[in-house]
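These are the residues of each chain, in order.
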There are 2 protein chains.
Amino acid sequence: MAVSARRGAPLTLEEISSTALRLMDEGGVEGLSMRKLAAELSVNPMSLYHHVDNKEALIRLICSTAAQRMELPPDDGSPWQDQLRALALAYHRNALEHPAMWHHLHNHPEIIADRGLVIWQTLYRILRLAGLPEQELRRTSDVLHAFVTGFVIAETTGHLPPDEVERDFDTAIKLIIGGLAGMSGLSG
Amino acid sequence: MAVSARRGAPLTLEEISSTALRLMDEGGVEGLSMRKLAAELSVNPMSLYHHVDNKEALIRLICSTAAQRMELPPDDGSPWQDQLRALALAYHRNALEHPAMWHHLHNHPEIIADRGLVIWQTLYRILRLAGLPEQELRRTSDVLHAFVTGFVIAETTGHLPPDEVERDFDTAIKLIIGGLAGMSGLSG
DNA sequence: ACCTGAACACCGTTCAAGT
DNA sequence: ACCTGAACACCGTTCAAGT
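Residues numbered from 1 in each chain as written. Chains lettered and ligands numbered in written order. Predicted model: local features only at pLDDT ≥ 70, side-chain atom pairs only at ≥ 80, totals over all residues. Heavy atoms only, no water.

Notes on helix H5 (residues 99–107) of chain A
Then comes step 1: With 8 of its 9 residues buried, H5(A) lies for the most part within the structure.
Then comes step 2: Listing the buried residues of H5(A) in full gives Ala100(A), Met101(A), Trp102(A), His103(A), His104(A), Leu105(A), His106(A) and Asn107(A).
Then comes step 3: Check the buried side of H5(A) and you find it contacts helix H1 (13–27), helix H3 (55–69), helix H4 (80–97) and helix H7 (137–156) of chain A together with helix H5 (99–107) and helix H7 (137–156) of chain B. (Buried < 20%, exposed > 50% of the residue type's maximum accessible area, 1.4 Å probe, protein only. Helix = DSSP H or I, 4+ residues; strand = E, 2+ residues; numbered from the N terminus. Contact = heavy atoms within 4.5 Å.)

Description of the packing of H4(A) against H7(A)
Residue and element names in this part refer to chain A.
Then comes step 1: Interhelical geometry of H4 versus H7 gives an angle of 40° and a closest axis separation of 10 Å. Relative to H7, H4 is oriented oblique. As for how H4 packs across H7, the hand of that crossing is right-handed. Contacts from Tyr-91, His-92, Ala-95 and Leu-96 in H4 reach His-145, Val-148, Thr-149, Val-152, Glu-155 and Thr-156 in H7.
Then comes step 2: Broken down by class, the residue content of the contact of H4 with H7 amounts to 5 nonpolar, 4 polar and 1 charged. (Axes fitted to C-alpha atoms, helices over the stretch in contact; angles between N-to-C directions. Parallel < 35°, antiparallel > 145°, perpendicular 65-115°, else oblique. Left-handed = near helix turned anticlockwise from the far one by under 90°. Nonpolar A, V, L, I, M, F, W, Y, C, P; charged D, E, K, R; others polar.)

Brief notes about the interface of chain B and chain A
Then comes step 1: At the junction of the two partners, chain B supplies 36 residues and chain A supplies 37 residues.
Then comes step 2: In total, about 3100 Å² of surface goes out of reach between chain B and chain A, with carbon and sulfur atoms giving 68% of it.
Then comes step 3: For the pair chain B and chain A, the number of links is 7 salt bridges.
Then comes step 4: Of the charged contacts in the structure, one is a salt bridge between Arg138(A) and Asp168(B), with a shortest N-O distance of 3.1 Å.
Then comes step 5: Counting every contact that joins chain B to chain A gives 6 residue pairs in polar contact (both at pLDDT 80 or more).
Then comes step 6: Secondary-structure elements contributing two or more residues to the side of chain B that touches chain A are H5, H7 and helix H8 (165–181) of chain B.
Then comes step 7: Ranked by residue count, the leading element in the side of chain B that touches chain A is H7(B), at 12 residues.
Then comes step 8: Across the side of chain B that touches chain A, the residue classes break down as 17 nonpolar, 10 polar and 9 charged. (Buried area = accessible area lost by both parts, 1.4 Å probe. Salt bridge = Lys/Arg side-chain N within 4 Å of Asp/Glu carboxyl O. Polar contact = N/O pair within 3.5 Å; in protein donor to acceptor, adjacent residues only side chain to side chain.)

Okay, here's the thing in structure tokens:
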């Protein structure tokens with residue numbers, strides 16, 4: 001009662017970031033404020049700063065942990081076209097769960113810039129399968145990632161007709177696969 | 001002196017939106033606040049509300065006028081591949097001038113949802129040239145727009161290596177053109 | 001080590017009042 | 001018609017103080 005007035009257990013980083021993510025899911029980026037988050041945790045707003053540098057760092061934390069936890073398709077030996085589609089579907093599903101987080105991720109790509117992350121490793125693996133030369137991997141993966149997040153944002157902002165999104169998704173994938181297939185004979 | 005204390009001429013909507021755009025260009029969306037904008041115009045913050053409903057409406061105004069003023073490639077009879085590239089370049093150049101505006105536009109696509117706008121008409125024209133069936137125009141233009149804005153955001157957020165953006169742009173265009181070429185024989 | 005209250009410098013916006 | 005000042009309900013964050 002002396003240390004933490006209204007709470008039994010002490011605050012944890014996990015608890016902070018998971019409720020923060022929930023607030024973002026519910027009300028967008030503007031739905032998350034340090035003060036609301038503190039209220040949700042029955043804690044003084046300033047207590048949060050003992051676990052997190054500032055709001056930006058908190059959002060960065062949310063985004064990078066969520067990106068790391070994303071379920072990605074394993075290499076099951078199926079054709080690269082199918083694996084690419086499965087990867088895009090993974091993006092797609094995650095974005096529907098956490099639209100606001102993806103918006104932020106899209107506007108702050110440096111958060112997942114690390115090429116060691118599973119998302120990039122998975123994409124690299126698939127592009128190699130598709131026959132892309134090694135020196136084109138960075139470039140092509142960047143372009144594809146930008147394309148797919150662009151699509152997924154359009155989708156979650158309600159831009160696309162809701163009853164058409166599945167076919168729009170098919171068109172997007174078909175475009176990408178067709179484009180990649182035509183890139184086998186790249187000169188550089 | 002009685003009516004407008006520190007200004008000679010009365011406030012105009014044009015004046016408001018152009019300085020607001022400049023503030024966004026200089027400092028991002030967070031660089032634009034109603035109070036800073038008013039200070040920039042040497043006017044009371046509340047005067048703005050006489051010309052604009054609220055901040056959101058102001059940004060919407062900025063975006064839609066800028067989108068309408070965008071310089072788009074005319075139909076010069078050149079192959080659709082060249083015209084598509086020219087259109088993408090127009091997006092690209094505009095985005096470098098007004099990155100914050102494009103971020104907002106990308107996150108609020110409803111602002112340019114109207115298919116009568118020149119951007120859409122231009123894209124439709126090029127896709128028709130490429131041999132796309134009429135019932136695929138809406139879908140394909142949506143996907144391409146999402147792709148290109150996605151790429152352009154990645155570019156303006158500094159995600160792509162600065163000395164590689166040109167070749168990345170080429171890869172993006174090549175992917176799209178290749179994908180479109182493979183879509184001529186669509187069943188539906 | 002962890003939490004807190006008061007305070008600072010900001011926001012967007014409403015509303016009643018001025019000319 | 002156009003502009004204003006005071007006020008309200010919010011922000012993120014610092015800092016000194018508490019246990």
